[in-house]
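The residues making up each chain are set out below.
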Amino acid sequence: MKIQDAKVIVTSPGRNFVTLKILTDQGVYGIGDATMNGRELAVVTYLQDHVIPCLIGMDPRRIEDIWQYLYRGAYWRRGPVTMRAIAAVDMALWDIKAKMAGMPLYQLLGGRSRDRVMVYGHANGADIGETVEAVGQYIDMGYKAIRAQSGVPGVKDAYGVGRGKLHYEPADAALPSVTGWDTRQALNHVPKLFEKLRDTYGFDHHLLHDGHHRYTPQEAANLGKILEPYQLFWLEDCTPAENQEAFRIVRQHTTTPLAVGEIFNTIWDCKDLIQNQLIDYIRCTVVGAGGITHLRRIADLASLYQVRTGCHGATDLSPVTMGCALHFDTWVPNFGIQEYMRHTEATDEVFPHDYIFADGHLHCGETPGHGVDIDEEKAARHPYKPAYLPVARLGDGSMWNW
Ligand SMILES: O=C(O)[C@@H](O)[C@@H](O)[C@H](O)[C@H](O)CO
Ligand SMILES: [Mg+2]
């Protein structure tokens, strides 16, 4: 069996997605996601100019060998572009293998560990009142776990506050828009939000919060400690994690569970965090961290230390990644939770899929493969539009972490 052809499809049904389709000489094809929000075309070039020519003629059944070939063979290891390109190939090859086996992907991974996958949705609002209302709407929709973000007084376009109720897309302009940040205000405000949420809805639902890399380790430790009475499911990205040691400071001061990993690309980015038990949830996902082959390795390492998974699932991860993630989540023994930010109708039309949402959970389908396809004709109706993620500046004009 041979890879006969491969192509990259760029489509923008409301936001940009980069999709790889690998075709074999036996008529079976596989689909992979290669989207990197705000830097999409870098991965397109990497795939078209440097990966596809090497793939033609290879045996698509040799998933592990092709992974090693692309990782070791590039010589320049790791990084978000390389690892997304590898991820796209890996997803497409698992899709092909599962289609050939006539099985849904989770069966090839080892079979079902659970009946359904708990997800969390994103509730947000311009202020505490609006956010509390939005959380109520998610509870009414059946969600068991909800992430809550609110506008912060004096902060322009605070992270996590969307324009619509169900959809949030931060990459919103042809050049990066400038948002604000004020740690003092956030430290005053965020605990009030969670106090109000617990007063209003009690403790039956899981509540989550994303710090989006904004706090120093000391500030993050302080926030984690103040939030303890509200029993969060997790506090995410409380401080930047390039320096994995930074989490020790946070960890030493709070029992609030910590999650990190949406911008990690390999096991090396989280090895120390996991081995030193500095986190509770690892948020790497299929597209960001080298595909199913590599994510499985990360999850296995995490399982030794009782660290559970919590795959990133924002809208910039296409339905293809969501499909793969759900098969992974259905199998992985140390599953924690899955993020689920709904795609728009236009996106769902371009990517027909068999996963469904019911009662606060997602269910992967039983179609052979990962269960997500691309309608190329519909995809062609939505040409690429440059869209950048925002940047953040402090009140005095200094650049900060968005
Ligand atoms: O937890 C999350 O979902 C976020 O941190 C994302 O919304 C993130 O900002 C986007 O994926 C960036 O593209
Ligand atoms: Mg996040």
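Since we're looking at a predicted model, the values are computed, not measured.

Conventions used here
- Numbers given for residues are sequential positions, taken from 1 along each chain in its written order.
- Written order determines the labels here, with chains lettered from A and ligands numbered from 1.
- Owing to the predicted nature of the model, reporting of local features is limited to residues with pLDDT of at least 70; listing and counting of side-chain atom pairs is limited to 80 or more, with chain, interface and lining totals taken over all residues.
- As a rule here, side-chain values come from all non-hydrogen atoms in the structure, and water together with hydrogens is ignored.
- We call a residue near a given molecule or strand whenever any one of its heavy atoms falls within 4 Å of it.
- We define a polar contact as two N or O atoms separated by no more than 3.5 Å, with the added condition that, inside protein, one atom must be a possible hydrogen donor and the other a possible acceptor, whereas residues neighbouring each other in sequence contribute only through side-chain atom pairs.
- Gly counts as polar in this scheme, as do all residues outside two lists: the nonpolar Ala, Val, Leu, Ile, Met, Phe, Trp, Tyr, Cys and Pro, and the charged Asp, Glu, Lys and Arg.
- Labels follow the DSSP assignment, with helices taken as runs of H or I lasting at least four residues and strands as runs of E lasting at least two, numbered in each case from the N terminus.
- Two strands form a pair only when DSSP identifies at least two bridges running between them.
- Think of the donor list as every N, O and S atom within 2.8 Å of the metal, or within 3.2 Å for Na, K and Ca; water never makes the list, so a site can look incomplete.
- For the exposure calls, accessible area comes from a 1.4 Å probe over protein chains only, and a residue counts as buried if that area is under 20% of its type's maximum, exposed if over 50%, partly exposed in between.
- When two rings of Phe, Tyr or Trp (its six-membered ring) have centres within 6.5 Å they constitute a pair, described as stacked for plane angles under 30 degrees, edge-to-face for angles over 60, and tilted for the intermediate range.
- A ring has a charge above it when a Lys NZ or an Arg CZ is no more than 6 Å from the ring centre and no more than 35 degrees off the ring normal.
- Salt bridges are defined as contacts in which a side-chain nitrogen from Lys or Arg sits within 4 Å of a carboxyl oxygen from Asp or Glu.

Caption draft 1: Main features of the site of ligand 1. Surrounding ligand 1, one finds 15 residues, the nearest of these being Asn37, His212, Glu236, Glu262 and Glu339. Arg147 places a polar side-chain atom, nitrogen or oxygen, 3.3 Å from an oxygen atom of ligand 1. A distance of 2.8 Å is found between an oxygen atom of ligand 1 and a side-chain nitrogen or oxygen belonging to His212. Here the residues of the shell around ligand 1 are counted per class, giving four nonpolar, four polar and seven charged.

Caption draft 2: Spotlight on the side chain of His122. Counting through the fold element by element, His122 comes out in strand E4 (residues 117-125). A polar contact of 3.4 Å, which involves the side chain of His122, links it to the side chain of Arg147. Only 2.6 Å separates the side chain of His122 from the side chain of Glu339, close enough to count as a polar contact.

Caption draft 3: How the structure looks around the pairing of strand E1 (residues 3-11). By the bridge criterion, eight bridges tie E1 to strand E2 (residues 17-24) in an arrangement that is antiparallel. Among the inter-strand pairings, Ala6 is bridged to a residue of E2, identified as Ile22. In sequence, E1 turns back onto E2 through a hairpin of five residues, with Gly14 there showing a positive phi of about 100 degrees.

Caption draft 4: Broad picture of the coordination of the magnesium ion (ligand 2). Taken together, Asp210 (OD), Glu236 (OE) and Glu262 (OE) make up the protein donors of the magnesium ion (ligand 2), found 1.9 to 2.2 Å from the metal. Taken in sequence order, the residues that donate to the magnesium ion (ligand 2) follow the motif D-x25-E-x25-E. Here Asp210 is found in strand E7 (residues 206-210), whereas its partner Glu236 is found in strand E8 (residues 234-236), with 26 residues between them in sequence. Accessibility classification places Asp210 together with Glu236 in one group, the buried group.

Caption draft 5: Broad picture of the packing of aromatic side chains. For the structure shown, the criterion picks out 13 aromatic pairs. Between Phe328 and Trp331, the ring centres sit 5.7 Å apart and the planes meet at 65 degrees, which makes this aromatic pair edge-to-face. One end of the pair is Phe328 and the other is Trp331, both in helix H11 (residues 319-331) and three residues apart, which spans about a single turn. Side by side, Phe328 and Trp331 carry an identical accessibility label, which is buried. An aromatic cluster of at least three residues, connected via ring pairs, comprises Tyr120, Phe233, Trp234 and Tyr281. A cation sits over an aromatic face here: Lys99 above Tyr29, 4.1 Å from the ring centre. The ring centre of Trp181 lies 4.9 Å from the NZ or CZ of Arg214, which sits over that ring.

Caption draft 6: Structural detail: the pattern of salt bridges. This model, assessed by the stated rule, comprises 21 salt bridges. Glu64 serves as the salt-bridge partner of Arg297, at 3.1 Å between the closest nitrogen and oxygen. Separated by 233 residues along the polypeptide, Arg297 in helix H10 (residues 291-304) and Glu64 in helix H2 (residues 63-73) bring together distant segments of the chain. With a closest N to O distance of 3.0 Å, Glu236 and Arg283 form a salt bridge. One end of the pair, Glu236, is in strand E8; the other, Arg283, is in the loop between strand E10 (281-282) and H10, with 47 residues separating them in the sequence. Residue Glu236 is classed as buried on the basis of its relative accessible area of 0%. Each of Glu236, Glu262, Arg283 and Glu339 takes part in salt bridges that share partners, so that together they form one network.

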